[in-house]
Amino acid sequence: MRPALALGAAVLWSAATLSTVGWAQTAPSRPRPSRPAASAESPAPRPDGPSAGQAGRSAPVTVDADQLENLQKEGLIVFTGNVVASQNSSTQYADRMEVYLDDKRDRIIRTVSTGNVRIITKDCRSGTATRAEYYDAEQRVVLIGNARVWRDDNVVTGERITIYLAEDRSVVEGSQQERVKAVFYPKGQGEAARSKAPTGQCS
């Protein structure tokens, strides 16, 4: 795997080569999809459950960006400009994504995404933050800086949200300026809101 510097680069990895941020979905088709507007409509702090994280690690990943820089000696690949990373059941958007490889350069150990970070899962769970970090060995996602996770009308916000994919568990932390905030609607009200939304589409 020796990707070269390219404009409009669309790069496909297979197996565990690029398990980008553990939230992932089917590859976007050309032309590159537009970035969804960051809205706040609802959270589900926990992703797809224990088996989902493990299954996602073996699925192919597509990363689409304006530019790719491969720093072989450092074991680092940098994507910049309208980055869209998709795998299995979720898609991540960012301005910049750094992908850190192991010593053999054939497996991801960590990714760091910055700038307008947005994650959308196939079941319409969404998350936004200033920065997102993914640690493959621990199957851990960390959303940092004005972090928000929502689904339907339920939303959780904090300075830092840590999601443990394999454990179906999350931890939300506040800052000195802002405490953790959560809004949950009764099930009946949530169902009414969902019935108004088009089937198969995330808001």
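Residues numbered from 1 in each chain as written. Predicted model: local features only at pLDDT ≥ 70, side-chain atom pairs only at ≥ 80, totals over all residues. Heavy atoms only, no water.

### A short note on the overall build of the protein chain
What counts, and what does not: By definition, any uninterrupted DSSP run of H or I lasting at least four residues is a helix, any uninterrupted run of E lasting at least two residues is a strand, and each is numbered from the N terminus. Each residue is placed in one exposure class: buried if its accessible area under a 1.4 Å probe, protein chains only, is under 20% of its type's maximum, exposed if it is over 50%, and partly exposed if it falls in between. Contacts are assigned to residue pairs that have any heavy atoms within 4.5 Å of one another.
Along its length, the protein chain carries two helices and twelve strands. Order of helices (α) and strands (β) in the protein chain, N terminus to C terminus: β-β-α-β-β-β-β-β-β-β-β-β-β-α. The burial tally for the protein chain puts 43% of its 203 residues in the buried class. Look at the contacts in the protein chain between residues 6 or more apart in sequence, and 56% of them connect residues 24 or more apart.

### Section: the pattern of salt bridges
Just so we agree on the cut-off: Here, a salt bridge means any side-chain nitrogen of Lys or Arg that lies within 4 Å of a carboxyl oxygen of Asp or Glu.
Throughout the structure, instances matching the rule amount to seven salt bridges. Among the ionic pairs, Arg96 bridges to Glu98, the shortest N-O distance being 3.0 Å. For Arg96, a relative accessible area of 33% gives the class partly exposed. Accessibility expressed as a relative area gives 17% for Glu98, which makes it buried. When the shortest N-O distance is used, the salt bridge between Arg169 and Glu167 registers 2.9 Å. Among the residues examined, Arg169 registers a relative accessible area of 35% and is labelled partly exposed.

### As for the pairing of strand β5 (residues 76-87)
Defined as follows: A pair of strands is treated as paired once DSSP finds two or more bridges between them.
Most of β5 sits inside the fold, with nine of its twelve residues counted as buried. As defined by bridge partners, strand β4 (residues 67-71) adjoins β5 across five bridges and the pair is classed as antiparallel. For Gln67, the partnering residue across the bridge sits in β5 and is Thr80. Connecting β4 to the antiparallel partner β5 that follows it, the hairpin turn spans four residues, and Gly75 within it adopts a positive phi of roughly 65°. Here β5 pairs with strand β6 (residues 90-101) via ten bridges, running antiparallel.

### Notes on the packing of aromatic side chains
What counts is decided by this rule: Pairing of aromatic rings covers Phe, Tyr and Trp, the last counted by its six-membered ring, and requires centre-to-centre distances within 6.5 Å; plane angles under 30 degrees mean stacked, over 60 mean edge-to-face, and any other angle means tilted. Charge over a ring is defined by NZ of Lys or CZ of Arg lying within 6 Å of the ring centre and within 35 degrees of the ring normal.
All told, the structure shown has zero aromatic pairs when counted by the stated rule. Lying over the aromatic face of Tyr100, Arg110 brings its terminal NZ or CZ to 4.3 Å of the ring centre. Here Arg140 stacks its cationic end above the ring of Tyr135, 4.3 Å away from the centre of that ring.

### A short note on the nonpolar core
Test applied: Side-chain atoms within 4.5 Å link the members of a nonpolar core, which is a set of buried Ala, Val, Leu, Ile, Met, Phe, Trp, Tyr and Cys residues.
Counting residues in each nonpolar core, the largest one holds 13 residues, and the members touching the most others are Val141, Leu143, Ala147, Ile161, Ile163 and Leu165. Only β7 (108-121), β8 (126-135), β9 (140-151) and β10 (154-164) provide two or more residues apiece to this core. Element by element, the count of residues in this core is highest for β9, at four residues. Leave out the neighbours within four places in its chain, and Ala147 touches Thr128, Ala129, Val156, Thr157, Gly158, Glu159, Arg160 and Ile161. Core analysis: the second largest hydrophobic core is formed by twelve residues, Leu68, Phe79, Val83 and Ile108 among them.

### What to know about the environment of Glu98
Test applied: For this analysis, a polar contact is any N or O atom pair within 3.5 Å, provided that within protein one partner can donate a hydrogen and the other can accept it, and provided that sequence-adjacent residues contribute only side-chain to side-chain pairs.
Tracing the backbone shows Glu98 in strand β6. Each C-alpha atom, one on Glu98 and one on Glu69, is 9.6 Å from the other, the two residues being 29 residues apart in sequence. Non-local contacts of Glu98, meaning those with residues more than four positions away in its chain, are made with Leu76, Ile77, Val78, Arg110, Thr111 and Val112. Within polar-contact distance, the side chain of Glu98 engages the side chain of Arg96 at 3.0 Å.

### Things to note about the confidence of the model for the protein chain
Stated precisely, the cut-off is as follows: For every residue, the predictor reports its confidence as pLDDT, a number between 0 and 100.
Mean pLDDT over the protein chain works out to 74, with 63% of the residues at or above the 70 mark. pLDDT under 50 marks residues 1-9. Its contacts with residues more than four places away, or in other chains, come to 31 contacts. Scored below 50 in pLDDT, residues 35-53 makes 62 contacts in the model with residues more than four places away or belonging to other chains.

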